[in-house]
Amino acid sequence: MKTDTAVRLPAYPGTGTGPTVLRRLGYVLLYSLLILVALLQILPLIWLLLFSLKNNQEVFDMAPFALPATPRWENYVKVWTEGNISLYFFNSVWITVVSVVFTVLFASLVTFAITRMRWKGRSLVLGLFMVGMMIPVHSTLIPLFSLFLKLHLTDHPLSVILSYIAFNMPITIMILLGFYYALPREVEEAAVMDGCSVHRIFFRIVLPMTASVIATTAIINMIYDWNEFIFVNTFISTDAYKTLTVGVQNFIGQYTTDWGAIGATLMISILPILIAFLVLSNRIVEGIAAGSVKG
Amino acid sequence: MDKVMSNRLVAALYVLPALLLLLVLIYIPIVLTGYYGLMQWDGIGAMTFIGFENYARLLHDATFWQSAYHTFLLALFSALSLIGYLMIALVLSGKIKGANLFRKIYLIPMLLSSVAIAQLWLKIYHPSNGVLNTFLESVGIANPPAWLAEPSLVLYALFVPILWQYAGFYILIYYAALKNIPESLVEAARIDGASPWQIAFRIKLPLITEVIKVTIVLAVVGSLKYFDLIYVMTDGGPNGSSEVMASYMYHQAFRGFDFGYGSAVGFFLLVICLVVTWLLRKATASKDTIQYS
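What you see is a predicted model; the values in this text were computed from it and never measured.

The next point concerns the overall build of chain B. The helix and strand tally for chain B stands at 14 helices and two strands. Here the C-alpha atoms of chain B give a radius of gyration of 24 Å, more than 25% beyond the 19 Å that 2.2 N^0.38 yields for 293 residues. Expressed along its principal axes, the backbone C-alpha trace of chain B runs to roughly 80 × 75 × 35 Å. Every one of the 293 residues in chain B was classed for burial, and the buried ones make up 44%. When contacts within chain B are restricted to residue pairs at least 6 apart in sequence, those whose partners lie at least 24 apart make up 69%.

In structure tokens:
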């Protein structure tokens, strides 16, 4: 049926017709709001960068966002060499890497077993993991501490690593779950017909197919483990195994009045994640969205 | 196919490592927490069974209930801030150029450790040299308060970095959900003459109701558990004016060496989290879900 009457649309911003001025004004307001929020999110960090490059005199006397005459990189050098920060940094790196690798591996094994294999109790086990997500970490702190004490694992990185793996398991499995459900089964079915064992199917076929979601969960885990504080703070007391978050906290305790040093310490602790973000922002965004929207 | 994929031994093998860790490091400790709550214990020596004394003490502990009140305020504030995040996400999901860039910038604080955020904001709130008070003085406000030292202000002052940390996370979630709405629906409404307001509130919001419910649960329960930032910034001070349940638990156990009582608080916190989660899920359950397929 033909109609030859033109449809008249009301003049609202964004509908594509109507007075351009009104539409433009609407957009200006909206963009201003978005930019304001972006500035509020970023300004504290810019201020941090600036005062990490000043000495106390400049921090106290100059305007907050004024640039230092010469950036005082010596703040960074001092912090890196004097404060054991390099040790803490190294600990954070290897503890995070080990935790992430095992978390993703174990979670993949479980998700594969739950989604691909058939056995009684499948839903029960899945339910257990999902309920685990609701547990406040701190409610388990005391028994965990006591347990590790008895196992002589306090002051041992294993206590921290095992805890990270356990507590990140639910969210990791949840993210993997969606992906595994959507995986096509034809490849596996063909493999079974060819006489493949379950192990081969998992390690040689399914696992490589999940490479992208593994990257996502790895990043989520990395952010959590790198930034984690309370477990390390409670279980580890000697410097040798402290991670960056706890180390930064202790270090700043000693240097309460040296703003430049504090700024440099904080910058060093956040730089790795920021760099990772610049490189992998799409994955990170996707991972966080996936982990929660599905919830 | 079935035979290979039903091999129970293999399934058990695959599930075991994760399940074992989950049971040993999460489920058993929860039970133990409740059990330790029945004890008098300094953490090192022997435990003495005292029945429900700790739990009874908890019910009459004014300091604890004050911390519970603070926690409640935090939860309320977090839930209300969701409205703001939703508005921003609605704007962002419209025809905005550079939405991706905005999204990523908003997310940056989420990547930082609570310790780093706490230390940074300690400096921002610094009475004389912090950027906040410096700014306030420069616009003529004579004696801006020492934000973290004023018992009446400290809790609210803490809300700001918490807001700052999580804004990007919730904006991201809402944005993803809004973007999932088929463009055809929005177009149809537009052609029917709906204003952007009507589109936003009558069409988009109802379609993402499920996601909004999830974020409410996340925000509220997250607030109940909140610890790290408060511990580093004010340690519950001054004089407990910023104490929350989780920090109170920590103080009782690890400072007061009253692990029995601390466990009772911890167990109570756990129960509250589970109950609140259940209540929220029930309260926001709708009888008819809106479908658009």
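As a further point, take helix H2 (residues 8-36) of chain B. Here H2(B) spans only 37 Å end to end across 29 residues, well under the 42 Å set by a 1.5 Å rise per residue. Of all the bends in H2(B), the largest measures some 45° and sits at Leu16(B), one to four residues before the proline Pro17(B). Every buried residue belonging to H2(B) is among Ala11(B), Tyr14(B), Val15(B), Ala18(B), Leu21(B), Leu22(B), Leu25(B), Ile26(B), Pro29(B), Ile30(B), Thr33(B) and Tyr36(B), and all of these are buried. Those residues of H2(B) hidden inside the fold are in contact with helix H4 (85-116), helix H5 (122-132), helix H6 (141-150) and helix H7 (157-182) of chain A together with strand E1 (39-40) and helix H14 (259-283) of chain B.

Now for the interface of chain A and chain B. At the junction of the two partners, chain A supplies 73 residues and chain B supplies 83 residues. When residues of the side of chain A that touches chain B are assigned to their parent elements, the largest contribution, 13 residues, is made by helix H13 (residues 259-293) of chain A. Per-class residue counts for the side of chain A that touches chain B are 55 nonpolar, 15 polar and three charged.

Our next topic: the environment of Thr103(A). Residue and element names in this part refer to chain A. For Thr103, the location among the structural elements is in helix H4. Looking at Thr103, the number of C-beta atoms within 10 Å reads 29, which means it is buried. Each C-alpha atom of the pair Thr103 and Ile175 lies 13 Å from the other, and the pair is 72 residues apart in sequence. What Thr103 contacts, discounting residues up to four positions off in sequence, is Tyr164, Ile165, Asn168, Met169, Thr172 and Asn221.

For the bond from Gly237(B) to Pro238(B), the omega torsion is -10°, close enough to zero to count as cis. Locating Pro238(B) in the fold gives a position in the loop between helix H12 (228-233) and helix H13 (245-255). Phi is positive for Asp155(A), close to 70°, though the residue is something other than glycine. With respect to the helices and strands, Asp155(A) occurs in the loop between H6 and H7. Phi at Asn239(B) takes a positive value of approximately 60°, unusual for a residue other than glycine. Looking at the element boundaries, Asn239(B) is found in the loop between H12 and H13.

This part covers the packing of helix H8 (residues 186-193) of chain A against helix H9 (residues 198-209) of chain A. All names here are of chain A. Interaxial distance between H8 and H9 falls to 11 Å at its minimum, and their mutual angle equals 145°. Handedness of the H8/H9 crossing: right-handed. The segment H8 lies against H9, with Val187, Glu188 and Ala191 engaging Ile201, Ile205 and Val206. Grouping the constituent residues of the contact of H8 with H9 by class yields five nonpolar, no polar and one charged.

What follows is about the confidence of the model for chain B. All names here are of chain B. In the predicted model, chain B carries a mean pLDDT of 88, and the fraction of residues at 70 or more is 97%. Ranking the elements of chain B by mean pLDDT puts helix H1 (residues 2-5) last with 70 and helix H4 (residues 62-92) first with 94. Here the complex is predicted with pTM 0.85, and the ipTM for its interfaces comes to 0.85.

Moving on to the confidence of the model for chain A. Mean pLDDT over chain A stands at 85; residues scoring 70 or higher make up 92%. The element-level mean pLDDT for chain A is lowest in helix H2 (residues 56-61) of chain A, coming to 81, with H4(A) highest at 93.

Residue and element names in this part refer to chain B. The contact between H4 and helix H11 (residues 209-225) brings their axes to 8 Å, and the two run at 155°. As the angle between them shows, H4 and H11 are arranged roughly antiparallel. Crossing of H4 against H11: the hand is right-handed. Residues Thr71, Leu74, Ala75, Ser78, Ala79 and Leu82 of H4 form the contact with H11, whose participating residues are Thr215, Ile216, Ala219, Val220, Gly222, Ser223 and Leu224. Here the residues of the contact of H4 with H11 sort into eight nonpolar, five polar and no charged.

Formed by 169 residues in total, the largest nonpolar core has its most connected members in Val110(A), Met169(A), Ala89(B), Ile171(B), Leu172(B) and Tyr174(B). When residues of this core are assigned to their parent elements, the largest contribution, 17 residues, is made by helix H8 (residues 154-179) of chain B. The two domains that each donate at least three residues to this core are domain 1 (1-52) and domain 2 (74-293) of chain A. Ignoring sequence-local partners within four residues, the contact set of Val110(A) consists of Ile173(A), Tyr14(B), Val15(B) and Ala18(B).

Residue and element names in this part refer to chain A. Per the UniProt record, the feature "transmembrane region" (unreviewed entry) sits at residues 28-50, 88-112, 124-149, 161-181, 201-224 and 259-280. For residues 28-50, the end-to-end C-alpha separation is 30 Å, with 100% helix and 0% strand making up the annotated structure. Here residues 259-280 runs as 100% helix and 0% strand, with 31 Å between its end C-alpha atoms.

Rules used throughout
Residues numbered from 1 in each chain as written. Chains lettered and ligands numbered in written order. Predicted model: local features only at pLDDT ≥ 70, side-chain atom pairs only at ≥ 80, totals over all residues. Helix = DSSP H or I, 4+ residues; strand = E, 2+ residues; numbered from the N terminus. Rg over C-alpha atoms; globule rule 2.2 N^0.38 Å. Buried ≥ 20, exposed ≤ 12 C-beta atoms within 10 Å, placed from the backbone. Contact = placed C-beta atoms within 7 Å. Expected span 1.5 Å × (residues − 1). Bend = angle between axes of the 7 residues up to and from the residue. Nonpolar A, V, L, I, M, F, W, Y, C, P; charged D, E, K, R; others polar. Axes fitted to C-alpha atoms, helices over the stretch in contact; angles between N-to-C directions. Left-handed = near helix turned anticlockwise from the far one by under 90°. pLDDT = per-residue confidence, 0-100. Parallel < 35°, antiparallel > 145°, perpendicular 65-115°, else oblique. Core = buried A, V, L, I, M, F, W, Y, C linked by C-beta atoms within 7 Å. Domains from an automatic or database assignment. UniProt positions renumbered as here; feature names shortened; annotations may be inferred.

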